[in-house]
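For reference, the chains in residue letters:
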Amino acid sequence: MNGTSYINQRRDKSTIRSCLTYGAILVGLVSAYIAFFNNPFQLSSSPGLDVYAFGTQSGICQQVQKLSPRNTQVEQYIRQKVESVEYHREIINKLSGIIQIPSESYDDLGSIGEDDRWDIFFQVEEYIKASYPTLFRTVKLDHVNTHGLILTWEGSVSPLEAKPILMLAHQDVVPVLAENVKDWTYPPYDGHYDGEIVWGRGATDDKGYLISIIESLDLLVKSGFEPKRTIILAFGCDEEISGENCGRPISNFLREQYGDDGIYLIMDEGSTGIQREFDQTFAMVGVAEKGYLDVGINVSSTGGHASNPPDHNAIGILSEIVVAIEHNPFPGKLTPKNPIFQSLECGAVHAPESSFPMAVRRKLSMAAQDDINSQEQLAQTLDEMRYYFQTSQSVGKIIGGIKINAIPEIASTLVNLRLAVETSIAQVEAHYESLVHPIAKKHGMAFEGFHSSRSASEKRKISLSGVDALEPAPVSPIDTESFRILSGTIKNVLKPLCADDEVIVTPYLMPANTDTKFFWGLTKNIYRFTPVNLVENLNRAHTTNEFIRADEFVREPLFFASLILNADDAVV
């Protein structure tokens, strides 16, 4: 086909389809705007409105130029490989093969070395080694807690003079329930490729990303490239179940090696990637994550025979608490501290003027000046995406009673919370104590807050506890050399969804958490970005029919290799 693969032909069709059908980077944003226009804000003058005018040069969401590696010979080698039919077949087969290894992680896993369900990760390691023999003759492989893998390609310049670049991925996937296998179009662990799409658990989260960053190093090794800056790949084994077994030990290992703030740039998977909104293509780079907390609520009371019940037993009191929680959600407001605010700013100044609501521009301008009412109104307008800027709470587990004719002595629940950027663990704890303490007092029960001393002698009491507490991630800076290099690489490598577009790079927020939560001390420059168009709830990650489009996946290694080359060019 004259050097042009069948995937390139499909890409042209896919791009047209993207322009016609992709309409929401911000979870339901379009429908929110429709509702907004039916009841628009009262338009009022704003002294800062002009900074959000279309095409403004005010400094809002300024873009860098495309950044090409200076090593044109290496870049050309990689581009030619990535665009060849033979290479497409090879990398798709590698992704298909690793999907076929069901490396599931479970909430109830025991310790590594004791629970044999961890042994599947030996297969993952052996598969990677067998697939990349050239790479493993070049890099140093370290094992952390058996299944955490660290690949280091040492640069010619000391890490003290040129901080290393670190790329993360995880080997594990969420389990597929046996009863749900029948709902998959293709079996979840077949890694089926239909000529356009690769299907299977892990295709997007996160084995496609893992294969892509390995491929990028393999291509660089085969090109003859010799790095000045050390390059590190780190693969966790339990990202889907909090990362304590691999993610945290990997971070500790690297911190011992390179020290505080010893890493130049960290890249990890992202939640959005490339999307089109407001008639414009955006590359959404996650620069922060929401916080996390599971709140445990335990109600204990006296038991007895069900023939002589109290007016309110432990289950009834716990139900009252759950109702109070659901009736008192956390307030939402959209402030400049939130990367979603910056995303909207980028839309205001870079999308076609007719495509971005003027009323939103006005509220952005007022909210940027710490107008709390405008920040709250902006959040209300974007209600369908509220959990990008509002603390969420979900009652996930409830236990109570063991026998129908016995009054329950204990009832308990777990509430999962994802904390907004502006919120803290202490604020959440105070909110829950303010809701639950009056209920305990109403029923004449003792109350134990999150940090109260515990009394075993009290038989009738309500206790609160926090599990897996994690403050919202620090917001990574976007005025640094590393972010400019990342942005320039995105613009140089990634194609817009429509030919007439420029790719606009904008900060974004990860509403969930990745293994980067353990790496805050290694660098401030932590960015979460998957260089593909993620649709249908992250390409249906964590649910049936997870997939990744082949025409986008095969180009990922070019992006990561280009990023490495550009970061290497920055070494003086």
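Residue numbering note: each chain is counted from 1, following its sequence as written. In keeping with the model being predicted, local features are shown solely for residues with a pLDDT of at least 70 and side-chain atom pairs are shown and tallied solely at 80 or more, while totals for entire chains, interfaces and linings include all residues. To obtain the side-chain values, all non-hydrogen atoms of the structure were included, while hydrogens and water were left out.

Per an unreviewed UniProt entry, the protein carries the name Peptidase M20 dimerisation domain-containing protein and comes from Penicillium hetheringtonii.

Draft legend 1. The arrangement of the pairing of strand β1 (residues 140-144) in detail. Two strands form a pair only when DSSP identifies at least two bridges running between them. Put simply, DSSP H or I for four residues or longer makes a helix, DSSP E for two residues or longer makes a strand, and each gets a number counted from the N terminus. As paired strands, β1 and strand β2 (residues 148-153) are joined by 5 bridges and run antiparallel to one another. Residue pairing in the sheet places Asp142 in a bridge with Ile150 of β2. Between β1 and β2, which pair antiparallel in sequence order, lie 3 residues; one of them, Asn145, sits at a positive phi of approximately 50 degrees.

Draft legend 2. Seen up close, the UniProt feature "binding site: Zn(2+) 2" (unreviewed entry) in the protein. UniProt positions are given in the numbering used here, feature names are shortened, and annotations may be inferred rather than shown by experiment. As recorded in UniProt, the feature "binding site: Zn(2+) 2" (unreviewed entry) lies at His170, Asp205 and Asp268. Their sequence span is 99 residues, while the largest C-alpha to C-alpha distance among them is just 11.2 Å; these annotated residues converge on one region. Looking at the element boundaries, His170 is found in strand β3 (residues 165-170). With a 1.4 Å probe rolled over the protein chains alone, any residue whose accessible area is under 20% of its type maximum counts as buried; one over 50% counts as exposed, and the rest are partly exposed. Taking relative accessible area as the criterion, His170 reaches 1% and is therefore assigned buried.

Draft legend 3. Main features of the sheet that holds strand β13 (residues 410-419). Strands sit in the order β11-β13-β9-β15-β14 across an open sheet of 5 strands; the sheet is mixed. One side of each edge strand has no neighbouring strand; the edge strands of this open sheet are β11 (392-400) and β14 (446-448). Along the sheet, successive strands turn relative to each other by an average axial angle of 15 degrees, direction set aside. For β11 and β13, the ladder comprises 8 bridges, and the chain directions are antiparallel. The residue of β13 that forms the bridge with Lys397 is Leu414. Relative to strand β15 (residues 461-470), helix α13 (residues 425-442) is tilted by about 165 degrees, and along the sheet it contacts β9 (291-300), β11, β13, β14 and β15. Lines fitted to C-alpha atoms define the axes here, with helix axes fitted over just the stretch in contact, and angles between the N-to-C directions of these axes take values from 0 to 180 degrees. Note on contacts: a residue pair qualifies if any of its non-hydrogen atoms lie within 4.5 Å across the two residues.

Draft legend 4. Region of the structure containing helix α9 (residues 314-327). Under the 1.5 Å per step criterion, the end-to-end length of α9 is 20 Å for 14 residues, consistent within 8% with the ideal 20 Å. Listed in full, the buried residues belonging to α9 are Ala314, Ile317, Leu318, Ile321, Val322, Ala324 and Ile325. Burial along α9 is one-sided: seen end-on, the buried residues are contained in an arc of 160 degrees. More than 90 degrees from the buried face of α9, the exposed residues found are Glu326 and His327. On its buried face, α9 is in contact with β9, β11, β13, α13 and β15. For α9, the side-chain oxygen to backbone nitrogen distance between the N-cap and Ile315 is 3.0 Å, and the N-cap itself is Asn313. By this rule, a helix spans an expected 1.5 Å times one less than how many residues it contains. When we speak of the arc, we mean the arc of directions from the helix axis to the C-beta atoms. Under the rule applied, a polar contact is a pair of N or O atoms within 3.5 Å (in protein, one hydrogen donor and one hydrogen acceptor; residues adjacent in sequence only if both atoms are side-chain atoms).

Draft legend 5. Molecular detail of the packing of aromatic side chains. Pairing of aromatic side chains here covers Phe, Tyr and the six-membered ring of Trp, requires ring centres within 6.5 Å, and sorts the geometry by plane angle: under 30 degrees stacked, over 60 edge-to-face, intermediate tilted. Summed over all chains, the structure comprises 11 aromatic pairs. Centroid distance Tyr186 to Trp199: 5.9 Å. Interplanar angle 45 degrees. Geometry classified as tilted. Of the two residues, Tyr186 sits in the loop between β3 and β4 (197-199) while Trp199 sits in strand β4, which places them 13 residues apart along the sequence. Residue Tyr186 is classed as partly exposed on the basis of its relative accessible area of 26%. Ring-pair connections join several aromatic residues into one group, and the members of that group are Tyr209, Phe529, Phe559 and Phe560.

Draft legend 6. Structural view of the side chain of Thr523. Note on placement: Thr523 falls in the loop between β16 (504-510) and β17 (526-528). Among the polar contacts made by the side chain of Thr523, one reaches the main-chain carbonyl oxygen of Ile263 at a distance of 3.1 Å. A distance of 3.0 Å separates the side chain of Thr523 from the backbone nitrogen of Asn525, its partner in a polar contact. Every residue in contact with Thr523, bar those within four places of it in the chain, is listed here: Asp261, Ile263, Tyr264 and Ile266.

Draft legend 7. The pattern of salt bridges, seen in detail. Salt bridges are counted wherever a side-chain nitrogen of Lys or Arg sits within 4 Å of a carboxyl oxygen of Asp or Glu. A complete count under the given rule lists 23 salt bridges for this structure. Its salt-bridge partner being Arg276, residue Asp501 comes within 2.2 Å of it at the nearest N-O pair. Separated by 225 residues along the polypeptide, Asp501 in the loop between α14 (481-493) and β16 and Arg276 in strand β7 (residues 273-277) bring together distant segments of the chain. With respect to class, Asp501 is no different from Arg276; both count as buried. Of the charged contacts in the structure, one is a salt bridge between Arg386 and Asp383, with a shortest N-O distance of 3.2 Å. Put simply, Asp108, Asp115 and Arg117 are held in one network by salt bridges that share partners.

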